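Notes for the structure review
Next come the chains, spelled out residue by residue.
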Amino acid sequence: MNITVAIPWRDTSPARARAHELVLDHWERLLPEADLIDIDTDHEPFCLSACRNAGVALAEERGADVVILADADTLAEEQPVRAAATAARTSGLVHLPYTEYRSLRGDGTAQYLASVPLPDCNAFVVGGACSGIYVTTPATWWAHGGQDVLFRGWGFEDAAWFTAHTTLLGAEPVRHDGRVYSLTHPSAVKEGEQYTANAARCHRYHQAAGDPDAMRALIAEPLATETA
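What you see is a predicted model, and the numbers here were worked out from it, not measured in a lab.

Attention now moves to the overall build of the protein. A count of helical and extended segments in the protein gives eight helices and ten strands. Overall size of the protein, expressed as C-alpha extent along the three principal axes, is 50 × 40 × 30 Å. In the protein, which comprises 228 residues, the share counted as buried stands at 50%. At a minimum sequence separation of 6, the contacts of the protein that also span at least 24 residues come to 77%. In the form shown here, the protein has an accessible surface area of approximately 10300 Å², with 52% of it arising from carbon and sulfur atoms. Within the protein, the 31 negative side-chain charges are centred at a point lying 3 Å from the centre of the 17 positive side-chain charges.

Okay, structure coming up:
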């Protein structure tokens, strides 16, 4: 099985760069057979959704069977990642290799850097998280529209995507027992015009939940905007 790990990445601070280095090293040890690539686009501000779409497109060009979309600050566990990759190849759904999302914050990240095993690092558990690491095939990703590039900066693209996936593919993303761990770095701005626009757009996704026609019309808007 050919696996590509695509990491959306733009260097914006020393702390983020350090987290990115740790993530690269982590994936090289976790899946040494995988093709590991960094992905950015020319969107301003940074567009995580566009990076994920571009990562899937590049992996597809390179002949990947499975694509792991991994945030540049997030670490995973090997067994659930491999289980997710195997299952994603034939399920027609995106897989999440975790049932628990742990934010290490400052103290937990410091422990990890001091060689404390990840499960023993101090962490805050983020309930209901659906971000960080996705496992998919290119066909499955495009079958529900990928991710919406009108989400810019920080916030809400994951919740919108989860709703689109569930509505268009007929089921929620599949979870595998395990944990992921996010490393600390300066938080993105969670206010302002773009943040408000992201929240409003996510609300439209929730309004379209359960209505495939309305959802398809909504996810077609970014393409119309970028080609206008």
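Bringing the environment of Gly145 into the picture now. Take Gly145: it is sitting in the loop between helix 5 (138-143) and helix 6 (157-169). Since its relative accessible area comes to 33%, Gly145 is described here as partly exposed. A C-alpha to C-alpha distance of 9.6 Å links Gly145 and Met215, two positions 70 residues apart in sequence.

Right, let's talk about the sheet that holds strand 6 (residues 100-104) for a bit. Strand order across the open sheet formed by four strands is 4-10-6-7, with mixed pairing between neighbours. In this open sheet, the two edge strands, each paired with only one partner strand, are strand 4 (74-75) and strand 7 (124-125). Pairing of strand 6 with strand 10 (residues 179-183) involves four bridges; the strand directions are parallel. Each bridged residue has a counterpart across the sheet, and for Arg102 the counterpart in strand 10 is Tyr181. With respect to the sheet, helix 4 (residues 105-113) is in contact with strand 4, strand 6, strand 7 and strand 10, its orientation differing from that of strand 6 by roughly 90°.

One can find Arg152 in the loop between helix 5 and helix 6. Among the polar contacts made by the side chain of Arg152, one reaches the main-chain carbonyl oxygen of Val149 at a distance of 2.7 Å.

Between its first and last C-alpha atoms helix 3 (residues 78-91) spans 20 Å; for 14 residues at 1.5 Å apiece the expected length is 20 Å, and the two agree. Along helix 3, the residues that are buried comprise Pro80, Val81, Ala84, Ala85 and Ala88. Along helix 3, the residues classed as buried sweep out an arc of 140° about the axis, all on the same side. More than 90 degrees from the buried face of helix 3, the exposed residues found are Gln79, Thr86 and Thr90. Those residues of helix 3 that are buried lie in contact with strand 1 (3-8), helix 1 (14-30), strand 3 (66-70), strand 5 (95-96) and strand 8 (133-136). Of the residues one or two after helix 3, Gly92 is the one with positive phi, at around 75°.

The relative placement of two packed helices comes down to the angle between their axes together with the axis-to-axis distance. At a minimum axis separation of 9 Å, helix 6 and helix 7 (residues 193-208) run at an interaxial angle of 20°. The angle between helix 6 and helix 7 places the two elements in the roughly parallel class. The handedness of the crossing between helix 6 and helix 7 is left-handed. The segment helix 6 lies against helix 7, with Ala159, Ala160, Thr163, Ala164 and Thr167 engaging Cys202, Tyr205, His206 and Ala208.

This part is about unusual backbone geometry. In this model, Glu44 is joined to Pro45 through a cis peptide bond whose omega is -5°. With respect to the helices and strands, Pro45 occurs in the loop between strand 2 (35-39) and helix 2 (48-61). A positive phi angle, close to 55°, is found at Arg105, a residue other than glycine. Along the chain, Arg105 turns up in helix 4. Look at Phe156: it is not a glycine, yet its phi comes out positive at around 85°. Assignment of secondary structure puts Phe156 in the loop between helix 5 and helix 6.

We now examine the nonpolar core. Val5, Trp27, Leu31, Ile68, Tyr112 and Leu183 are the most contacted members of the largest nonpolar core, which has 50 residues in total. A per-element tally of this core places helix 1 first, with six residues. Sequence-distant contacts of Trp27, defined by excluding residues within four places in its chain, comprise Val5, Ile7, Pro32, Leu36, Ile68, Ala70, Thr74, Ala76, Val81 and Ile133. Grouped together as the second largest cluster of nonpolar side chains are ten residues, Leu168, Cys202, Tyr205 and Leu218 included.

Analysis parameters
Residues numbered from 1 in each chain as written. Predicted model: local features only at pLDDT ≥ 70, side-chain atom pairs only at ≥ 80, totals over all residues. Heavy atoms only, no water. Helix = DSSP H or I, 4+ residues; strand = E, 2+ residues; numbered from the N terminus. Buried < 20%, exposed > 50% of the residue type's maximum accessible area, 1.4 Å probe, protein only. Contact = heavy atoms within 4.5 Å. Areas by Shrake-Rupley, 256 points an atom, 1.4 Å probe, with all protein chains shown as cover. Lys, Arg positive; Asp, Glu negative; His and termini not counted. Charge placed at Lys NZ, Arg CZ, Asp CG, Glu CD. Pairing = 2+ DSSP bridges. Axes fitted to C-alpha atoms, helices over the stretch in contact; angles between N-to-C directions. Polar contact = N/O pair within 3.5 Å; in protein donor to acceptor, adjacent residues only side chain to side chain. Expected span 1.5 Å × (residues − 1). Arc of directions from axis to C-beta. Parallel < 35°, antiparallel > 145°, perpendicular 65-115°, else oblique. Left-handed = near helix turned anticlockwise from the far one by under 90°. Core = buried A, V, L, I, M, F, W, Y, C linked by side-chain atoms within 4.5 Å.

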